[in-house]
Amino acid sequence: ITFMKAEAGGYSDSQISLLRAFTDQAAIAVDNARLLREIEERNSELSESLELQTATSEALRLISTHPGDLRTVLDAIVTKAADLCDAPFGSVLLKDGPVLRISAAKMGVGGDMALDMEFPADDGNVNTHAATSNTALAFDDLHAIAPELAETFPNSRSYATVALFSEAEWIGNINIARPEVRPFDDADLTTLQAFADQASLAISNARLFNDLDAALERQTAMTDVLDAVSQARLDLQPVFASIAHHADRLADGTGAVIALREGREFVIAAVAGPSPIDPDQTRYPLDDTTATGDAILRGELIHITEWTDDWARANYPNTPALAHGHQSGLAVPMMREGQALGAIVFTREAAGGYSDDTIALLESFADQATIAVNNARLLREIEERNADLSESLELQTATSDVLRLISANPG
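Described below are features of the structure shown in this document. Computed from a predicted model, the values in this text were never measured in an experiment.

## Overview of the overall build of the protein chain
Line of reasoning, step 1. When helices and strands are counted, the protein chain shows eleven helices and twelve strands.
Line of reasoning, step 2. When each of the 411 residues of the protein chain is scored for burial, the buried share is 39%.
Line of reasoning, step 3. In the protein chain, 54% of the contacts between residues at least 6 apart in sequence involve partners at least 24 apart.
Line of reasoning, step 4. A total accessible area of about 22700 Å² is found for the protein chain, and carbon and sulfur atoms account for 53% of it.

Structural data, given as structure tokens:
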């Protein structure tokens, strides 16, 4: 503290002593303010840490109570992350092949993103950059570094993103945004990273849970089909109905049609789910102008991922799916000793076809249908043979009776 007088002569000892007392009081005040500021900062840090820990515990509790409901968990995670970082907007993008799809979101008024919106996953955008660098990234003004995004995302100015990983595999991103230029700091990125870890855990758990659930559901379906096959004799309708029902249920609402070969035709034996088959038409010519007929004739699986393709339309112009707007198709022949007894045909309205796992499941259904058809054929042959033997035995018995009569009554 500096003291000044307009006149010369300095200060007396008593004045200096007084001013030193004032200086000591000022030093105490400054030090007290510094200590108070440090206490408040520490309290603030502890409060933020406690809030983050509480939010993390809530996320873990959600993950444990909703193991298969990924949307609910991710919605809660991104909402809490955005709130703690004072961001009106947030989203979770999940990677699906070449695209990133918004699978959960926290949107304030005027949000410019929507659920199921898709973005390229390989064009070097900010999300892919976060994945390749494996670090949390913050952009003071997204529009300044990517002006082309200003029109599409007018409310995403200050932006932060963290990539999500599962066993070193990039599975998506969690993002937060502010509509004004107000950059996110290191504390915000630390918070976002913590929630990214929770989101990655939730996704991994959901995948594991759904895989186990799907495996159990498929096992149950196969047990039902096998039970129907074991009980079937000549009446194959319960077997076909069970196969068509489970195929429709396990293959995401696909339509299932079971067709049996009869000479130069194939006959519709069972239908389940959204099917393009006319219920009044049960017989079709067995030729290669339909996917069903071609699969039976060639004895090969036919997979149509997009019915509007020129190739599909040119090769199978008479396929009912074309007239009913179905976009995906799969024809699985029912093979026995190198010959197709018929085919199971699956169709769905969405394009994209069927995954390898789904095709393997549907092929196993076709195998069971083949066994049921062949068992019925063998049983029919056995019954016919028994009928022939019964008639032969009856004739032989009658002949013996006649011979006995002749020997007993020669005159």
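## Some points on the sheet that holds strand β7 (residues 255-262)
Line of reasoning, step 1. Taking strand neighbours across the sheet as the criterion, the six strands line up as β9-β8-β7-β12-β11-β10 in an open arrangement whose pairing is antiparallel. At either margin of the open sheet sits one strand with a lone partner, and together these are β9 (283-285) and β10 (302-304). Direction aside, the axes of adjacent strands within the sheet are offset by 25° on average.
Line of reasoning, step 2. Both strand β8 (residues 265-272) and β9 contribute to a ladder of three bridges, which runs antiparallel. Residue pairing across strands places Phe266 opposite Tyr284, the latter belonging to β9.
Line of reasoning, step 3. In the packing of helix α11 (residues 356-408) onto the sheet, the strands contacted are β7, β10, β11 (328-336) and β12 (339-348), and the crossing angle to β11 comes to about 40°.

## Points about a negative patch on the surface
Line of reasoning, step 1. A cluster of like negative charges, contributed by Glu384, Asp388, Glu391 and Glu394, occupies part of the molecular surface.
Line of reasoning, step 2. You can see Glu394 is positioned in helix α11.
Line of reasoning, step 3. Of the residues examined, Glu394 reaches a relative accessible area of 57% and is grouped as exposed.

## So, the pairing of strand β5 (residues 158-166)
Line of reasoning, step 1. Burial runs high along β5: eight of the nine residues are buried.
Line of reasoning, step 2. As paired strands, strand β4 (residues 137-139) and β5 are joined by three bridges and run antiparallel to one another. Note on β5: the bridge partner recorded for Ala138 is Ala160.
Line of reasoning, step 3. By the bridge criterion, nine bridges tie β5 to strand β6 (residues 169-178) in an arrangement that is antiparallel. By the bridge assignment, Ser166 is partnered in β6 with Glu169.

## Regarding the packing of helix α7 (residues 237-250) against α11
Line of reasoning, step 1. Viewed as axis vectors pointing N to C, α7 and α11 meet at an angle of 175°, and their least axial separation amounts to 10 Å. Classified by the angle their axes make, α7 and α11 are roughly antiparallel. Packed against α7, whose contacting residues are Val239, Phe240, Ile243, His246, Ala247 and Leu250, the element α11 presents Leu361, Leu362, Phe365, Gln368, Ala369, Ala372 and Val373 at the interface.
Line of reasoning, step 2. Here the contact of α7 with α11 is built from residues that sort into eleven nonpolar, two polar and no charged.

## Quick notes on the packing of aromatic side chains
Line of reasoning, step 1. This structure, assessed with the given rule, holds three aromatic pairs.
Line of reasoning, step 2. Between the aromatic rings of Phe266 and Tyr284, the centroid separation amounts to 5.4 Å while the plane-to-plane angle is 10°, which identifies the pairing as stacked. Of the two residues, Phe266 sits in strand β8 while Tyr284 sits in strand β9, which places them 18 residues apart along the sequence. The burial state of Phe266 is the same as that of Tyr284; both residues are buried.
Line of reasoning, step 3. With a centroid separation of 5.9 Å and 90° between ring planes, the pair formed by Trp311 and Tyr316 is classed as edge-to-face.
Line of reasoning, step 4. Here Tyr316 falls in the buried class, since its relative accessible area comes to 2%.
Line of reasoning, step 5. Here Lys5 stacks its cationic end above the ring of Tyr11, 4.7 Å away from the centre of that ring.

## Quick notes on a nonpolar patch on the surface
Line of reasoning, step 1. On the surface, Ile1, Phe3, Leu18 and Phe22 cluster together into a nonpolar patch covering about 410 Å² of accessible area.
Line of reasoning, step 2. By secondary structure assignment, the location of Phe22 is in helix α1 (residues 13-65).
Line of reasoning, step 3. Residue classification places Phe22 among the partly exposed positions, given a relative accessible area of 46%.

Criteria and cut-off values
- Residues numbered from 1 in each chain as written.
- Predicted model: local features only at pLDDT ≥ 70, side-chain atom pairs only at ≥ 80, totals over all residues.
- Heavy atoms only, no water.
- Helix = DSSP H or I, 4+ residues; strand = E, 2+ residues; numbered from the N terminus.
- Buried < 20%, exposed > 50% of the residue type's maximum accessible area, 1.4 Å probe, protein only.
- Contact = heavy atoms within 4.5 Å.
- Areas by Shrake-Rupley, 256 points an atom, 1.4 Å probe, with all protein chains shown as cover.
- Pairing = 2+ DSSP bridges.
- Axes fitted to C-alpha atoms, helices over the stretch in contact; angles between N-to-C directions.
- Patch = residues over 30% accessible without salt bridge, like charges linked within 9 Å, V, L, I, M, F, W, Y side chains within 5 Å.
- Salt bridge = Lys/Arg side-chain N within 4 Å of Asp/Glu carboxyl O.
- Lys, Arg positive; Asp, Glu negative; His and termini not counted.
- Charge placed at Lys NZ, Arg CZ, Asp CG, Glu CD.
- Parallel < 35°, antiparallel > 145°, perpendicular 65-115°, else oblique.
- Nonpolar A, V, L, I, M, F, W, Y, C, P; charged D, E, K, R; others polar.
- Phe/Tyr/Trp six-rings, centres within 6.5 Å; stacked < 30°, edge-to-face > 60°.
- Lys NZ or Arg CZ within 6 Å of the ring centre and 35° of its normal.

Structural measurements only, silent on function.
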